[in-house]
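# Inside the fold
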Amino acid sequence: MRRPRGTRDLFGEELARIRHVERVILDIFRRYGYQEVETPVFESLELFTKKSGSSIVDQIYAFKDKSGRELALRPELTAPVVRLYNEHLRSSPKPLKLFYLGHCFRYERPQIGRGRYRQFLQAGCEIIGSSRPEADAEVVALTAEIVEELGIKKCELRLGNVRLLREVLKRAGVSETEQDPIMRAIDSRDEIRLQAELDRWGIEEEDKKLLKSLISLRGGEKVLEDVRELIQGLPEATKALEKTKSIIDRLKWFGVHKFSIDFGISRGLEYYTDFVFELYSGGIQLGGGGRYDNLIELLGGEPCPAVGVGLGVDRIADALERHGVETPEDRLDCMVLPTTDEIIGEALRIAGELRRAGFSADVDLMGRSLSKGLSYANSRKAKFAVVVGPRDLKVGKVTIRKMKSGEQERVDRKRLTEFLSLG
RNA sequence: GCCAGGGUGGUGUAAUGGUAACAUUCGGGCCUGUGGAGCCCGCGUCCCGGGUUCGAAUCCCGGCCCUGGCCCCA
C-alpha cells in the first residue's frame, strides 16, 4: 500500500518546520485581533462552482455521497468561510476579522519541487465588513510581518488592482465573464497567448496598447503616476487607482516599505474585485489575496465588502528550508537508563516524576546495555541521560550525564527534577 | 488531463537475459555502570499485472508512482 499521488507523509524536521510556520502565522493572526474559525473539509460542490464557474470541477475532488449529494473536498477556504459568515455571523459587529488553518485539496498534477501538492495546508484571514483602505493595508502588512518573523529574506510583495484592467476591457466591450480568459492570459505573462486572446475578442488597437502598457508598467511607486496618465479617460479606473494609492500610504504607515506595484496581477479565476496582492519567493507563490466585494452576496448573503489573504503553509515551510532558516527543534530532555534489568521499576518511577515535573523523558524499552543505551540517547538527541543503578541508589543518588559535553554528576535522587530545572 | 525521462533493501547505489550485490540505517555480540569509533553476526530489496524466452530486475505492452515541462494555482 502506498499513499495516493500528490500527498505526503510528514515527520521529523519537515513536520517540525511546518508546525513552526503554523505557530508563527496563527500567533500573528491573534496579535492582529482575528478570531479562529473552522469549516468542514467537504462542502457542497455548488459552493465552489458558484464562485469560480463549473470549469473548475475537473480541478476539484468532487464526489457523490451515498444519497446522491454533490460534494467536494474544499479547494480553498475563502468560500467556506464566507458561507460560515452567511450562516452564523452575519449580524456580528463589523468588521469581522476571522482566521483559519486547514487542509485543502486540488486535483492537479503534483509538482513537489514547486510546492504543489494535491493536499496542502492553507492558512488565511478575512476582514468582513470594511471597505476602507486600512483593511486592505492590514492584510498585506500582516502578510509581510509573517515572512519577516519567519526570517525569509528573499521575498517579494507585489501589489495590483484588477479593476484597472477590467475597466479597460469593459470599455472595449468585453463582458465580465468574457474577461476571464483574457485575465488568465495576462496572469500567465505569455505575450503570444495574450495577443491571441485579444485578437479573439476583437479588441481595438488603442485598447490593446493601453492594456499592454498597463501590464508592462511594473516597479516602484512612480508607476502610479505613469498609470494615472494612461487611464485618464476612465473614471472608474482612476478611482481604483486612487484607492490603490491610499492603500499603499497606509501600508507604509503599517511599516511596510518593501513592495512593487504590478497591475498585471489578475489572480486567476478568483472573484477579486479591486485590490490584489501576491507574495513570492524564488519564483514560487507563497500566498496572495485581495478584495472581493461581491462574493458574500454571490453566496447568498447581504452585500458586504471583504478583503483577505491565503497562505500556502507547505510552500512557506519549503521556502524556509531553501533559505536555510533554522527552526527550533523539539529535543528530548532526559533519557532514563537503568543499568540492570532489576532496576527498571525505579527507572520507570523516575521517568514518571520527570514527566509530571514537565520534562520530556523516555526510558529505554529495549533492555539495552548502558553502553548501547547512551548511544541510543545520543541518537535521540537527548539533553541528559539519567543513569539509574544499584550502586548509586544504595546511597540515594542517580547519575546525570550531560550528553553534549559528557560531564556527569551524581545527584540526590529526590532532588533530580530540581537539579534539571536549573539546567 | 497532455508531452518527455525515470522506478533495485528504510536510505543511497551496483549488476543490464543466467544464484540479486555493496554502503548506510536498524537489531544483536565483542562490552555484567559510561555513548558517537572499530570488528563480527543478523533482519530487510528488483513498483504492479500481462507477454516474449528453457530462463526476465534486465526485452515488449498496459497500469501505478516519481521527476521536469504544459494547463492551473496556495
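Whatever comes next refers back to the structure up there.
What you see is a predicted model, and the numbers here were worked out from it, not measured in a lab.

Moving on, we come to the packing of aromatic side chains. Counted by the stated rule, this structure contains 5 aromatic pairs. A centroid spacing of 6.2 Å and a plane angle of 50 degrees characterise the contact between Phe29 and Tyr34, whose relative ring orientation is tilted. Exposure remark for Phe29: the relative accessible area of 0% places this residue in the buried category. Classification of Tyr34 by relative accessible area gives buried; the value is 5%.

Of all residues adjacent to RNA strand B, which total 45 residues, the nearest are Arg106, Arg193, Arg368, Asn378 and Arg401. Those atoms of RNA strand B that come within 4 Å of the protein belong to sugar or phosphate at a rate of 47%. Arg114 has a polar side-chain atom sitting 3.5 Å from a phosphate oxygen of RNA strand B. Note that a sugar or linking oxygen of RNA strand B is positioned 3.2 Å from one of the side-chain N or O atoms of Gln285. Elements represented by at least two residues in the surface near RNA strand B include exactly β6 (119-128), β11 (284-291), α14 (370-379), α15 (390-393) and β16 (397-402). Examining the composition of the surface near RNA strand B, we find that 5 residues originate from one element, α14, more than from any other.

Moving on to a nonpolar patch on the surface. A cluster of nonpolar residues, Val41, Phe42 and Phe63, forms a patch on the protein surface that exposes about 250 Å² of accessible area. Residue Phe63 is classed as partly exposed on the basis of its relative accessible area, which comes to 33%.

Next up on the list: the pairing of strand β5 (residues 96-105). Most of β5 sits out of view: 8 of its 10 residues are buried. In this sheet, β5 lies alongside strand β1 (residues 35-36) in parallel orientation, the contact comprising 2 bridges. Paired with Gln35 across the two strands is Leu98, which belongs to β5.

Reading the values: the criteria
- Residues numbered from 1 in each chain as written.
- Chains lettered and ligands numbered in written order.
- Predicted model: local features only at pLDDT ≥ 70, side-chain atom pairs only at ≥ 80, totals over all residues.
- Heavy atoms only, no water.
- Phe/Tyr/Trp six-rings, centres within 6.5 Å; stacked < 30°, edge-to-face > 60°.
- Buried < 20%, exposed > 50% of the residue type's maximum accessible area, 1.4 Å probe, protein only.
- Near = heavy atom within 4 Å.
- Polar contact = N/O pair within 3.5 Å; in protein donor to acceptor, adjacent residues only side chain to side chain.
- Helix = DSSP H or I, 4+ residues; strand = E, 2+ residues; numbered from the N terminus.
- Patch = residues over 30% accessible without salt bridge, like charges linked within 9 Å, V, L, I, M, F, W, Y side chains within 5 Å.
- Areas by Shrake-Rupley, 256 points an atom, 1.4 Å probe, with all protein chains shown as cover.
- Salt bridge = Lys/Arg side-chain N within 4 Å of Asp/Glu carboxyl O.
- Pairing = 2+ DSSP bridges.

Everything listed here is a matter of coordinates, which is why it stays silent on function.
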